[in-house]
Amino acid sequence: MFPYPSGYLHLGHLRVYTIADVVARFHSLQGSNVLLPMGWDAFGLPAENAAIERGINPATWTKTNVAKMKEQLDLMNGSWDWDCELATCDPAFYKHTQKIFLMLHEKGLAYQAEAEVNYDPVDKTVLANEQVDANGCSWRSGAKVEKRNLKQWFLRISEFRESLLKDLDVLAKNDAWPERVLAMQKNWLGKSTGATIKFPVMAFNQDMHAAIEVYTSRPDTLFGVQYLALASTHPVVAKLAAQDPELQAFLDTLPGLPPDSKVGYMLPHIRAVNPLAYHEETPEETKRSIPVYVAPYVIGDYGEGAVMGVPGHDVRDHAFWKTHHYNEPVRFVLAASEDESTTAMRNDPFIDHGVMTEHSGLYRGKTSKEAGEMLITMLEAAGLAKSVEKWRLRDWLISRQRYWGTPIPVVHCDSCGAVPVPDEQLPVVLPEVDEHWTGKKTGNPLETLDDWVNTSCPKCSGPAKRDTDTMDTFVDSSWYYMRFIDAHNKDAPFSANKAKAMLPVDLYIGGIEHAILHLLYARFIYKFLMTSSLIPSNESTPPDAFEPFQRLITQGMVHGRTYSDPSTGKFLKPDEVDLSNPAHPLVLSSGLPAIITYEKMSKSKHNGVDPTSVITQHGADATRAHMLFQAPVSEILDYNGDKIVGVTRWLGRVFDLATRLGPVPHGCHVPDSKTYFETNAPNVPSMTAEETAEWDADVAVWREVQRTIASVTASYEKVYALNTVVSDLMGLANLVIEKEARMSEGVKRQAVGALVRMMAPITPAFAEECWG
């Protein structure tokens, strides 16, 4: 995955780009035609905020950072193809981002709508649902997100939800994608089959709906409903809040609460009735009216904005019920088996499917599936339920009220409405607004730039205004990998011929943090483009699924050694620690032993490591081998710079071994090892003691060479086991050095040659030096 140009590369970059380069070099050495590209995810809020803070143009800031990072990348011994370098802030790139937007718009897949949106009050822009964390905070600024009603641009990703879900099965084959990523995408798509059920309402002195509709995927638990809970945005809540100051005061407190808060407001004068209450065989406790709450854990835009509370069979409902009705019994309507004595002590909810209990009336003894289907059939006949399919996925909100992004290529005309900018007028280029940056102003300068905003309508030639929103940067990254294959094409994002020859991407490497946002959007845009006019349908036979990345590798994070004061918990800077004995560091101010932990690298924890300083001290190849050797690719790497000494010592021993061998003397012929062993094997019984010692040494080393070739090749191909490549090669080197004095010249040379060639993807410059 391409980096955001922050201005410096950290060890996480070094790790992921080393992995990519090693795999690319391995496949090149095996004869494959490999493209290892590099580019820059250059638009976005961080650059704009940095520009405002420093009073400079974000383009200047970004280009300066790109230049710095290219210098750092050059130190890593990478084999990147700089001929296809791209930056998403380059008009030559975002011209095609705008073209893709217009293609989506033409198909009705890009549209503008009034919607309640997530608004970041610090960055002053709208966020997609995926950019709000579990605590309701912005993924960028960390600010508490506000809800606002605004007119925004959306991409209709929901049109592709079935293929996005179904094709996860293709990505699961042969472990092409990590199971964890597939599960995260499946959960985010959130397909569930269930029913909407009407709960009649008893309203005292209130003009209220006749019923509250609730969506559930577990109709088998209907006998266990003990309350209803509504989202704060539910129409019933909005209506009652206008007349109930206490309710409105409660609603005002919700933005500051975590989404899993157990607080709730019981609506006075309203009770709900279980629709099963109208059946004469329903148990009495199910016929009783139930309270209706407003609760922050209910999501307004999922289902109907209302849930049926089943404390006996849902963990969240159970916690909420115990908070508000601690002394009231929980009703269990399902058990693990017909013999309810096999069920565990009923202190916790039973959340699995099972068998209906005595609290389920006539349905006692039936399985969950059977009872659920029968209940919905009965309620549908009475007009109280309807079988439905629900998805968690919402259309992708791409509008951003900031400057540093791809301008949305639409003008707004009073007569014609929203009109796409014609292809020949692309790109719509960001105007220069230097006064905005030098004045360190916040907000979107495009909104007040009359000369840029005011234009003519492409349709009627009348006065019109440009759209002042820019696109979410995830739009750029949803397709950048396709641009690499045809980076200099001025007329189209890429040619059909290039796409046919080089797409999809064979191997994609990046962090698990991209599992939902970037990867889901990339899958959506790829599916759209591969079935668009860019790729004529007769060009190729459609694959089983259009997926952008055939194989996905997710590498673990790099954590740094962190020191903290045991008396205060404060993170210590390196100069606040006595490291005269690195194994037992001391707090300089107190003499107390410092606490050593490994944490995510950050400035606040003073545990960052500059990869260029490591490379300068130890060399690029030693640093690359050290990064790979410390941990399997998928696991967190606790970086310990002290351990690189073992790698440098290994490289030194291999170099000395190659030096002792020297070049093959002029005129000498080194026999092929296979020929050598086949020729000499019959002579083993008659060999002298010295010849037998040489033979045994040759056999031992050559067997290890063959084992190492098989093991290393498999590890290079698997990628996740690159750490074992280094350990295998260390083992082989140690054996060759151990047996060196007794080995024949030919086997020794071929063993060292095999060792150096297997090292080449990881330590390319070192291997070349040894080979020479």
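Description of the structure in this document. Worth saying up front: this structure is predicted, and the values here are computed from it rather than measured.

### Let's talk about the overall build of the chain
Move 1: Summing up its helical and strand segments, the chain has 26 helices and 28 strands in all.
Move 2: Each of the 772 residues in the chain was classed as buried or not, and the buried ones make up 51%.
Move 3: Taking all contacts inside the chain whose residues are at least 6 apart in sequence as the whole, residues at least 24 apart take part in 73%.
Move 4: Carbon and sulfur atoms form 52% of the exposed surface of the chain, whose accessible area is close to 35900 Å².
Move 5: The distance from the centre of the 74 positive side-chain charges to the centre of the 97 negative ones in the chain is 1 Å.

### Quick look at the pairing of strand β11 (residues 306–309)
Move 1: Burial of β11 is two-sided: the residues A306 and M308 facing one way and the residues V307 and G309 facing the other way are all buried.
Move 2: Of the strand pairs in this sheet, strand β8 (residues 227–230) and β11 are connected by four bridges, and their pairing is antiparallel. Directly across from Y227, in β11, lies its bridge partner G309.

### Some remarks on the layout of surface pockets
Move 1: In this structure, the second largest pocket occupies an estimated 850 Å³ of space.
Move 2: If you go around the second largest pocket, you meet 31 residues; those closest to its centre are L35, L36, P37, V505 and L507.
Move 3: The dominant element in the lining of the second largest pocket, judged by the number of residues it contributes, is helix α1 (residues 11–29), at six residues.
Move 4: Its residues assigned to classes, the lining of the second largest pocket comprises 25 nonpolar, four polar and two charged.

### Some points on the packing of aromatic side chains
Move 1: Summed over all chains, the structure comprises 31 aromatic pairs.
Move 2: Relative to W404, the ring of F43 lies with its centre 4.8 Å away and its plane at 80°, an arrangement referred to as edge-to-face. With F43 in the loop between β1 (39–40) and α2 (45–54) and W404 in the loop between β16 (399–400) and β17 (410–413), this pair connects stretches of sequence that are 361 residues apart.
Move 3: Through a chain of ring-to-ring contacts, three or more aromatic side chains come together here, namely F2, Y480, Y481, F484, Y508 and F549.
Move 4: Of note, K322 hangs over the ring of Y326, and the distance from its end group to the ring centre comes to 5.5 Å.
Move 5: Sitting above the plane of the W452 ring, R466 keeps its charged end 5.7 Å from the centroid.

### Some words on the environment of K441
Move 1: Position of K441 relative to the elements: it lies in the loop between α13 (434–438) and α14 (450–453).
Move 2: Accessibility expressed as a relative area gives 45% for K441, which makes it partly exposed.
Move 3: Considered as a pair, K441 and E53 are 388 residues apart in the sequence and their alpha carbons are 9.0 Å apart.
Move 4: Setting aside residues no more than four positions away along its own chain, K441 makes contact with I52, E435 and H436.

### Describing the packing of helix α20 (residues 620–629) against helix α24 (residues 722–739)
Move 1: Taken N-terminus to C-terminus, the directions of α20 and α24 make an angle of 115°; their axes are 7 Å apart at the nearest point. In terms of axis orientation, α20 runs roughly perpendicular to α24. Only L722, N723, V726, S727 and M730 of α24 make contact with α20, whose side of the interface consists of A625, L628 and F629.
Move 2: Looking at the contact of α20 with α24, its residues break down into six nonpolar, two polar and no charged.

### Examining the pattern of salt bridges
Move 1: Counting across every chain of the model gives 26 salt bridges.
Move 2: In this structure, the salt-bridge partner of E373 is K369, at a minimum N-O distance of 2.8 Å. On the criterion of helical spacing, the pair formed by E373 and K369 is a turn pair, its members being four residues apart in helix α12 (residues 368–381).
Move 3: Across the pair R707 and D728 runs a salt bridge, and its minimum N-O distance is 3.6 Å. A residue pair is termed long-range when its members are at least 10 positions apart, and R707 in helix α23 (residues 689–718) and D728 in helix α24 qualify at 21 residues.
Move 4: Put simply, K166, D167, R523, K527 and E547 are held in one network by salt bridges that share partners.

### A short note on the sheet that holds strand β27 (residues 595–600)
Move 1: Strands sit in the order β27-β24-β28 across an open sheet of three strands; the sheet is mixed. Edge positions in the sheet fall to β27 and β28 (637–639), since each has one partner strand and no second. Neighbouring strand axes in the sheet, compared pairwise and without regard to direction, differ in orientation by 40° on average.
Move 2: By the bridge criterion, six bridges tie strand β24 (residues 558–564) to β27 in an arrangement that is antiparallel. From the neighbouring strand, R561 faces β27, where its bridge partner is Y598.

### Thoughts on the sheet that holds strand β18 (residues 417–420)
Move 1: Pairing within the open sheet is antiparallel, and its four strands lie in the order β18-β17-β20-β19. Looking at the sheet topology across the chains shown, the edges are occupied by β18 and β19 (454–456). Across the sheet, the axes of successive neighbouring strands diverge by a mean angle of 40°, strand direction being ignored.

### Observations regarding unusual backbone geometry
Move 1: Following L426, the chain continues into P427 via a peptide bond in cis, with omega recorded as 0°.
Move 2: Along the chain, the position of P427 falls in the loop between β18 and α13.
Move 3: Positioned with a positive phi, S461 is a non-glycine residue whose angle comes to about 70°.
Move 4: Position of S461 relative to the elements: it lies in the loop between β19 and β20 (463–466).

### Considering the packing of helix α4 (residues 91–106) against helix α18 (residues 517–530)
Move 1: Look at α4 against α18: their axes get within 11 Å of each other, and the N-to-C directions meet at 70°. As judged from the angle between their axes, α4 and α18 are roughly perpendicular. Across the interface between the two elements, I100, M103 and L104 from α4 touch F524, I525, F528 and L529 from α18.
Move 2: Per-class residue counts for the contact of α4 with α18 are seven nonpolar, no polar and no charged.

### Digging into the nonpolar core
Move 1: Core analysis: the largest hydrophobic core is formed by 172 residues, its most contacted members being F101, W396, M482, L529 and W650.
Move 2: With eleven residues, α18 is the largest single contributor of residues to this core.
Move 3: Once residues within four sequence positions are removed from consideration, M482 is found in contact with F494, L503, I525, Y526, L529 and M530.
Move 4: Judged by nonpolar contacts, the second largest core, of 41 residues, contains V225, V236, V294 and V310.

### Considering empty space enclosed by the protein
Move 1: Summed over the entire model, instances satisfying the criterion amount to two cavities of 30 Å³ or more.
Move 2: Empty space within the second largest cavity amounts to approximately 50 Å³.
Move 3: For the second largest cavity, the full set of lining residues is F223, L276, H279, E281, T282, S360, G361, L362, Y363 and M378.
Move 4: Broken down by class, the residue content of the lining of the second largest cavity amounts to five nonpolar, four polar and one charged.

### Description of the side chain of K390
Move 1: Mapping K390 onto the fold places it in strand β14 (residues 385–390).
Move 2: Separated by 2.9 Å, the side chains of K390 and E304 make a polar contact.

### Quick notes on the side chain of T470
Move 1: Along the chain, T470 falls in strand β21 (residues 470–471).
Move 2: Side-chain polar atoms of T470 contact the backbone oxygen of R402, separated by 2.7 Å.
Move 3: Dropping the residues within four chain positions of it, T470 is found in contact with I398, S399, R400, R402, Y403, G405, T406, P407, I408, L430 and L446.

Thresholds applied
Residues numbered from 1 in each chain as written. Predicted model: local features only at pLDDT ≥ 70, side-chain atom pairs only at ≥ 80, totals over all residues. Heavy atoms only, no water. Helix = DSSP H or I, 4+ residues; strand = E, 2+ residues; numbered from the N terminus. Buried < 20%, exposed > 50% of the residue type's maximum accessible area, 1.4 Å probe, protein only. Contact = heavy atoms within 4.5 Å. Areas by Shrake-Rupley, 256 points an atom, 1.4 Å probe, with all protein chains shown as cover. Lys, Arg positive; Asp, Glu negative; His and termini not counted. Charge placed at Lys NZ, Arg CZ, Asp CG, Glu CD. Pairing = 2+ DSSP bridges. 1 Å grid on protein atoms, 1.4 Å probe; cavity = no way out; pocket = protein on both sides within 12 Å on 5 of 7 lines; lining within 4 Å. Points joined across faces, edges and corners; volume = space filled by probe spheres on them. Nonpolar A, V, L, I, M, F, W, Y, C, P; charged D, E, K, R; others polar. Phe/Tyr/Trp six-rings, centres within 6.5 Å; stacked < 30°, edge-to-face > 60°. Lys NZ or Arg CZ within 6 Å of the ring centre and 35° of its normal. Axes fitted to C-alpha atoms, helices over the stretch in contact; angles between N-to-C directions. Parallel < 35°, antiparallel > 145°, perpendicular 65-115°, else oblique. Salt bridge = Lys/Arg side-chain N within 4 Å of Asp/Glu carboxyl O. Core = buried A, V, L, I, M, F, W, Y, C linked by side-chain atoms within 4.5 Å. Polar contact = N/O pair within 3.5 Å; in protein donor to acceptor, adjacent residues only side chain to side chain.

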